[in-house]
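Now for the letters of each chain:
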Amino acid sequence: MDKMPKWADVILTPLISLLLAMAISALVILAIGESPWLALKTMVDGALGSSYGWGFTLYYTTNFIFTGLAVAVAYHASLFNIGGEGQAAMGGLGVALVLLYLPLPHWILALPVAMAGAAMFGAAWALIPAWLQARRGSHIVITTIMFNFIAAALLNYVLVNLLRPVGSMDPASGRFPEATHLPKLSDIALGMGLEWGKNTPVNVTFIVAIIACLLVWLLIWRTRLGYEIRAFGRSEPGALYAGISPVRITVLAMLISGGLAGLMAINNVMGESERLVLNAVEGAGFIGIAVALMGRNHPLGVLLAALLFGFLYQGGGELALWTSIPRELIIVIQALVILFTGALDNMVRMPLERLFLSRRKRGAA
């Protein structure tokens, strides 16, 4: 029997953790002589108070959905994939190669081809750590961290020496053909007679991210492979006894995880910058870990947690722009949310479990 109801684990625990993080953030803001209420108002107005703010919030949310889903799928197989940063960077390389070297006449054709390129490169970057874990026992955390740095170095080399246009000093690829540019949601809204999100980067990839959430839910809870992934994650000896191959599940789960992380490049590389640049991932691979933990590795939870971190990113930028609160403090606030929803999760969970157990015992008596 569970120690506390499912709703308390999925909703109440993250909510209390978030409130604790906000309370400590307010104390930090007070300590530097600023108003927590003004800070919160500025963040809410900047991130959610206009279609412009929503446009940027949803753009960041899209990135975090893909990296959060990547971590969640691996976690169900009891694998802690923290290589989303490198896998997303390699996904960007896959997008760039496809769009620069294949003659694609329209974005409708370019989108699925670029998605395939992004997913394949991201999955390929997860393959070696997966194989090392499955065959050699090399811990997935160590190998995926190492591959993040290898991806950064490789991407730097490719951009500077192979993809950089002649005469350019910028370590970036050339612009993708205009026919492959993804429509922004603001363009779609304008076609419907609405003015929404003008000059914001959110694009049709947001819709792809929502579909990805649904597909991951179907995969994990409605397919045989998903059952095998969850069974292996719960008990490797039990899965082995049931005829489930640990090597196969480890490799497949990491391939899917890496592919999802690579798909983030559709948003930031193809949809926003429209060329491949250094540091395009901007830490989204690591934020995906917090998103998955806070979302309890469920696609709906990942979606909501990604929206929260999208709000923090956009609201934090507005806070640094319109107040005297330094940008570094914005990072502290984000770190506190990650700390309480991830590392200190048991600090909230254990008292709640004791509370619900005591209530259950009193009810039984």
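Residue indices begin from 1 for each chain and proceed along its sequence in written order. Local features in this predicted model are restricted to residues whose pLDDT is 70 or higher, and side-chain atom pairs enter the listing and the counts only when it is 80 or higher, whereas totals over whole chains, interfaces and linings include all residues. The basis for every side-chain value is the complete set of heavy atoms in the structure, and neither hydrogens nor water enter the calculation.

J.: Looking at this model, I keep getting lost on the overall build of the protein chain. Mind explaining?
T.: Only DSSP runs of H or I reaching four residues or more are called helices, and only runs of E reaching two or more are called strands; each is numbered from the N terminus. Of regular secondary structure, the protein chain possesses 15 helices and zero strands. On C-alpha atoms alone, the protein chain measures out to a radius of gyration of 22 Å, which is about the 21 Å that the 2.2 N^0.38 rule sets for 365 residues. Projected onto its principal axes, the C-alpha positions of the protein chain cover 80 × 60 × 40 Å. Considering only contacts within the protein chain whose residues lie at least 6 apart along the sequence, 76% involve residues at least 24 apart. Here, Shrake-Rupley sampling with a 1.4 Å probe gives the accessible areas, and only protein chains in the shown set may cover a residue. Surface summary for the protein chain: the accessible area is close to 17,500 Å², and the carbon and sulfur share equals 68%. Two things to know: the radius of gyration comes from C-alpha atoms, and the globule rule equals 2.2 Å times the number of residues to the power 0.38. Here a residue-residue contact requires only that any non-hydrogen atoms of the pair lie within 4.5 Å.

J.: Explanation requested: helix α15 (residues 345–364) in the structure shown.
T.: Think of an α-helix as turning once every 3.6 residues; residues three or four places apart then point the same way. Taking 1.5 Å per residue, 20 residues should reach 28 Å; α15 reaches 28 Å between its end C-alpha atoms and fits that length. Summary of the burial criterion: residues with accessible area below 20% of their type's maximum are buried, those above 50% are exposed, and those between are partly exposed, where the area comes from a 1.4 Å probe applied to protein chains only. Among the residues making up α15, those that are buried are D345, V348, R349, L352, E353 and F356. All buried residues of α15 lie within an arc of 125 degrees about the axis, which places them on one face of the element. Facing away from the buried side of α15 by over 90 degrees, the exposed positions are R354, K361 and R362. Buried residues in α15 make contact with α1 (6–31) and α14 (327–343). What a helix should span is 1.5 Å times the count of its residues minus one. By construction, the arc corresponds to the directions joining the helix axis to the C-beta atoms.

J.: I keep staring at unusual backbone geometry and nothing clicks. Help me out?
T.: Phi is mostly negative for residues that are not glycine, and the peptide bonds are mostly trans. Positive phi values are uncommon outside glycine, yet E282 reaches one of about 55 degrees. Within the fold, E282 resides in the loop between α11 (246–273) and α12 (284–294). Despite not being glycine, R296 shows a phi value in the positive range, around 55 degrees. R296 sits in the buried class, given a relative accessible area of 17%.

J.: Quick question: what am I supposed to make of the nonpolar core here?
T.: The nonpolar side chains of a soluble globular protein tend to be buried with one another. Ranked by internal contacts, the top residues of the largest apolar core, which has 88 residues, are F64, V95, L99, I266, M270 and F309. In terms of residues, this core owes the most to one element, helix α3 (residues 51–76), which gives twelve residues. Setting aside its immediate chain neighbours within four residues, M270 contacts V95, L99, A110, L111, A114, F176, T180, L182 and A265. The criterion is simple. A nonpolar core is a set of buried Ala, Val, Leu, Ile, Met, Phe, Trp, Tyr and Cys residues joined through side-chain atoms within 4.5 Å. Ranked by size, the runner-up nonpolar core spans 14 residues in total, among them A126, A239, I244 and I249.

J.: What am I meant to see in the pattern of salt bridges here?
T.: We count a salt bridge whenever a side-chain nitrogen from Lys or Arg sits within 4 Å of a carboxyl oxygen from Asp or Glu. Scanning all chains against the criterion turns up seven salt bridges. A salt bridge links R224 to E228; the nearest nitrogen and oxygen atoms lie 3.5 Å apart. With R224 and E228 both in helix α9 (residues 224–234) and four residues apart, this pair spans about one turn of that helix. Here R224 falls in the exposed class, since its relative accessible area comes to 67%. Connected through shared salt-bridge partners, D9, R296 and R349 make up one network.

J.: When you look at the packing of aromatic side chains in this model, what are you seeing that I'm missing?
T.: Both the distance between ring centres and the angle between the ring planes are used here to describe each pair of aromatic rings. Between rings of Phe, Tyr and Trp, where Trp is taken as its six-membered ring, a pair exists when centres lie within 6.5 Å; planes separated by under 30 degrees are stacked, by over 60 edge-to-face, and by other angles tilted. Per the stated rule, a full pass over the model turns up six aromatic pairs. Ring geometry for Y52 versus F56: centroids 5.1 Å apart, planes at 55 degrees, classification tilted. Of this pair, Y52 and F56 both sit in helix α3, four residues apart, which is roughly one turn of that helix. Take Y52: its relative accessible area is 40%, and that puts it in the partly exposed class. What makes F56 buried here is its relative accessible area of 18%. The interplanar angle of 70 degrees and the centroid separation of 5.1 Å between the aromatic rings of F64 and Y313 together place this pair among those described as edge-to-face. Residue F64 is found in helix α3, and its partner Y313 is found in helix α13 (residues 299–322); the two are separated by 249 residues along the sequence. For F64, a relative accessible area of 2% puts it in the buried group. Joined through ring pairs, the aromatic side chains of Y59, Y60, F64 and Y313 make up one cluster.

J.: Even after reading the chapter, I still don't get the packing of α1 against α15, so can you show me in this structure?
T.: A pair of packed helices is captured by two measures, namely the crossing angle of their axes and the spacing between those axes. In this description, a line fitted to the C-alpha atoms serves as the axis of each element, helices being fitted only across the stretch in contact, and the angle between N-to-C directions of two axes falls anywhere from 0 to 180 degrees. Two elements in contact, α1 and α15, have axes whose closest approach is 9 Å; the angle formed by their N-to-C orientations is 130 degrees. Classified by the angle their axes make, α1 and α15 are oblique. The crossing of α1 and α15 is right-handed. In contact with W7, A8, D9, L12, T13, I16, S17 and L20 of α1, α15 contributes D345, M347, V348, R349, L352 and F356. Each residue is assigned to one class: nonpolar for Ala, Val, Leu, Ile, Met, Phe, Trp, Tyr, Cys and Pro, charged for Asp, Glu, Lys and Arg, and polar for all the others, Gly among them. Here the contact of α1 with α15 is built from residues that sort into nine nonpolar, two polar and three charged. An angle below 35 degrees is treated as roughly parallel, one above 145 as roughly antiparallel, one from 65 to 115 as roughly perpendicular, and anything else as oblique. Crossing handedness is defined as follows: a turn of the near helix away from the far one that is anticlockwise and smaller than a right angle gives a left-handed crossing, while the clockwise case is right-handed.

J.: Sorry if this is basic, but what is going on with a nonpolar patch on the surface here?
T.: Surface patches are defined over residues having more than 30% relative accessible area and no salt bridge, joining like charges when they lie within 9 Å and nonpolar side chains (Val, Leu, Ile, Met, Phe, Trp, Tyr) when within 5 Å. Nonpolar side chains collect at one region of the surface, where L15, L19, M22, W37, L40, V44, L48 and W54 lie side by side and expose about 730 Å² of accessible area between them. When contributions to the nonpolar patch are tallied by element, the ones reaching two or more residues are α1 and α2 (36–48). One can find L48 in helix α2. Take L48: its relative accessible area is 33%, and that puts it in the partly exposed class.

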